[in-house]
Amino acid sequence: MYKIKLQVFEGPLDLLLFFIKRDEIDIYDIPISKITKEFVEYLEFLKELDLESAGDFILMASTLMQIKVRMLLPKEIDEKGEEIDPRADLVNALLEYKRFKEMTDELSFFESNQRKLNYRGNYTHDAREEAPELDLLLKNVTIYDLIKSFKKALMERPREAIHEIEKINVSIEQQIEFILNLLEDNTELPFIELVKDLNEKMRIIVTFIALLELVKLGKIGLRESEKFNDFVIFGINDG
Amino acid sequence: MDKIYSSVIEALIFASDDPLTANEIINAVKEIDGEDTEIKTADIEQSVDELNEKYKNSDNSFRIIKIANGFIFATKGEYAKYVGFLSHEKTKRRLSQAALETLSIIAYKQPITKPEVESIRGVNSDYIINTLLEKNLITIKGRTETIGRPLLYGTTDEFLKYFGLYSIADLPKPREIDEIMQDEDFIEQKRKIMMNEIEEIIEDEVEKESDGEGETE
Amino acid sequence: MDKIYSSVIEALIFASDDPLTANEIINAVKEIDGEDTEIKTADIEQSVDELNEKYKNSDNSFRIIKIANGFIFATKGEYAKYVGFLSHEKTKRRLSQAALETLSIIAYKQPITKPEVESIRGVNSDYIINTLLEKNLITIKGRTETIGRPLLYGTTDEFLKYFGLYSIADLPKPREIDEIMQDEDFIEQKRKIMMNEIEEIIEDEVEKESDGEGETE
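This section reports on the structure supplied with the text.

### A few points about the sheet that holds strand β5 (residues 151-155) of chain C
The strands that make up a sheet pair up through hydrogen bonds in the backbone, lying either parallel or antiparallel.
All names here are of chain C.
Then comes step 1: If you walk across this open sheet you meet the 3 strands as β3-β5-β4, and the pairing is antiparallel. Because the sheet does not close on itself, it has two edges, and the strands there are β3 (112-113) and β4 (138-143).
Then comes step 2: Pairing of β4 with β5, which is carried by 5 bridges, proceeds in the antiparallel orientation. Each residue of the ladder has a partner; that of threonine 139, found in β5, is glycine 154.

### A few points about the environment of serine 47 of chain B
Residue and element names in this part refer to chain B.
Then comes step 1: Mapped onto the elements of the fold, serine 47 is located in helix α3 (residues 41-57).
Then comes step 2: Of the residues examined, serine 47 reaches a relative accessible area of 2% and is grouped as buried.
Then comes step 3: Each C-alpha atom of the pair serine 47 and serine 6 lies 5.6 Å from the other, and the pair is 41 residues apart in sequence.

### Considerations on the sheet that holds strand β4 (residues 138-143) of chain B
Residue and element names in this part refer to chain B.
Then comes step 1: Judged by pairing direction, the sheet is antiparallel, and its 3 strands sit side by side in the order β3-β5-β4 without closing on themselves. The open sheet has two free edges, formed respectively by β3 (112-113) and β4, since each of these has just one partner strand.
Then comes step 2: When β3 meets strand β5 (residues 151-155), the two strands line up antiparallel, connected through 2 bridges. Looking at β5, one finds that threonine 113 is bridged to leucine 152.

### Details of unusual backbone geometry
All names here are of chain B.
Then comes step 1: Cis peptide bonds are those with omega within 30 degrees of zero, and the linkage from glutamine 110 to proline 111 qualifies with -5 degrees.
Then comes step 2: Although it is not a glycine, arginine 149 adopts a positive phi angle of roughly 40 degrees.
Then comes step 3: Positionally, arginine 149 belongs in the loop between β4 and β5.

### Some words on the pattern of salt bridges
Pairing between side chains of opposite charge can happen when their charged atoms approach one another.
Then comes step 1: If you walk through the whole model with that rule in mind, you get 26 salt bridges over all chains.
Then comes step 2: With a shortest N-O distance of 2.8 Å, glutamate 176 of chain B and arginine 143 of chain C are connected by a salt bridge. Of this pair, glutamate 176 of chain B sits in helix α9 (residues 174-181) while arginine 143 of chain C sits in strand β4, which puts the two residues in different chains. The pair formed by glutamate 176 of chain B and arginine 143 of chain C is uniform in burial state, with each residue classed as buried.
Then comes step 3: When salt bridges with common partners are traced through the structure, they connect Arg22, Asp23, Lys34 and Glu38 of chain A into a single cluster.

What counts, and where the lines are drawn
Residues numbered from 1 in each chain as written. Chains lettered and ligands numbered in written order. Predicted model: local features only at pLDDT ≥ 70, side-chain atom pairs only at ≥ 80, totals over all residues. Heavy atoms only, no water. Pairing = 2+ DSSP bridges. Helix = DSSP H or I, 4+ residues; strand = E, 2+ residues; numbered from the N terminus. Buried < 20%, exposed > 50% of the residue type's maximum accessible area, 1.4 Å probe, protein only. Salt bridge = Lys/Arg side-chain N within 4 Å of Asp/Glu carboxyl O.

See below:
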C-alpha cells in the first residue's frame, strides 16, 4: 500500500485525481481495471480507519465496478449512432470537480491576503450624538437566522406546552370574579401580587385579559408602580 | 528609536480592541524585532504626539486620545452628528433576537394569537408584536372563536419578499431544520447506517465481478 | 460636492465597524445636512481615492479598502505580525480544505441545493454545510421548483468580507474544462499557494513564540 496521507483526500474524486496525476493517466482514457483495483485497495485501508467519508468511497468503488462491467459488454450506441464510453460520466465528474478544486486554491489565496489585514479594534470613544427613538428593521437577517430562532424558541420554551394549557380550566369570567374579590379586601393591588400564586402561564394570561376587560368596563383602574416592570390595580366604584 | 516604529505604533493602536498602553506596544515591537530593539516609553509618547500633529495638519477626522493609561483612536467631535446618525441606523436595522424569535414563531404557527406566542416565548411580547406590525412583517388575520376572541396574527407578503420566499410553504420544514441543525454525532450515526448498506451492495458487486473476471482477462 | 464632505466621509467610514456602502454615506449626509445636499456615489468613490492617496503620501499604516459592497479602514499587510502578536483572536484558524471546496462550489453555482453540491464534491456535505451556515458564510436563499423542492444555498456578505471581495463578481472565474486539460500544472497557482504556506508557517512560529512568552511571564 502506498504511503498516502489520508487527510489529503477530500473524497473519492480527489483520490481518483491523485491516481490520474501520479500515473500521468490520460483522463479521457482511464484504465478502469487498474484504477478500480487501486481504489478498492485504498478502500480496505480506509475502512480500517473507520473514516467518516468511507461511505462515499465505497459508493465510488461500486460505480467503478459498474463501469468496468460495462466496458466488458458490447459497446452501447447513442441516438446519433456513436459509441457510448461507459467512462464518460465519470470523466465529466472528475473535470467538474477539478475546476472547483482549483478555485479552492484561489480562495485560500484570498483568505491568506485577507488575514493579513486588521480592522479597527475600538470604537468606544468615537464622538457620536445620540439619535432619538429606536425601532427595528431587518438587515442581513436570513431564513437561516429565522429557523435558528424558531428552533431555539421551541427548545427553550417554558414547561407548560400548549397541550397542557388546553387542560387548564380557567375562564375570563372566573378571573374577573377573582380580581373583584381581591379588590374588596385591598384598595390597591400590585399586578405582581395578583398573579404571584397563579402557577400556570395560561392562568396568568387569562387573568391579564380579565384585567383589561375590567378596565374597559370601567370597573378598575391601573397606574404605574414605583417598581420596575409592575403596575398597580385599584377599584373604581360604580356611580 | 527608528522612524519606522511610528507606523507600527499607529497600526497597533488602530487594531487593538482595548486601550493600548506604551508597555504593550514596546512588548509587541521587541517580540517581533528582537529584545535589543531601542524603544522606550518616552518614544511612544513622542510618536503619538507626532502622529496627532500629522492628523491635524492633514485635516484627518480622527486622532489618538489617551484614556485609562492607554491609547485609542477616536473620531473628532465635529462629526458626532453624522456618526451618531449612522450608528443609530445600524441598530435600527438589526432585527433584535427577540423580534426574530417572535417572527419565527408567528411564521411557523400562523395563524396564532398573542397569548400562544407568549406561552412559547415565556415572556410578554406586546412591544415586539407591535413593532413587527408596524414594520409590516406580520398582520392581523382575524380572531379566534375562543373566549376573549383574541386576535390572530400571520406573516405578510413583505415578510415573504424579505426572505425571498414564494409562499409560506417554502419555509424550511421542521424535518429540514433538524437536518440542517443536527449535531455532528447525528450525522456520523446516519453515515454509518448508509455505509453498511452500501457495503452490502459492494460485496455483491465484488462477487459478481470476480465471477466475470476470469473469463476476459 | 463640497470639499468638506471628504472629512465627513472619512469620519463615517472610520467610525463604522462594518463595511459602509456609498448609499449609507449619502443617506447620513442628506439626513444631517438636508435632502438637497449635492452628493453622489461617484463623489464618494472619488473622495475615498483621494483619501487613500493622502494616507499613502503620509505613510499611514492603514487605508480604506473596498469590500463586501462597502468601504472599511484596514491596516496594511506589513503590520500583520505586530498586530497578530497583540491579538490572538486575529490569528484564528483558517478554513479547512473541505470548507473552501464547498464554498467555492456554492459561490460559483449559487443558488445551489445540497444534493448538487454533493454531486460535484462526490462526498456527503451535511456537516460542512452546517458549519458554513453557522459561520454565516452561506445562508438559505429559498427553494427550487424541482421535485422534493430542496433548499437553495448562497453566499453572504460575511463571505465577501472573509475573502476580501467587493462583490461576488470579483471572484476569479473557474477555468473552462478544456483549459484544465491543456495545462495540468497551473504553475502560477502552485507558487502562490506555496508562498501562502510559508507565511502560514511563519505565522504559526510567531504564535508559538508568543504563547511560550505568556507562560514564562
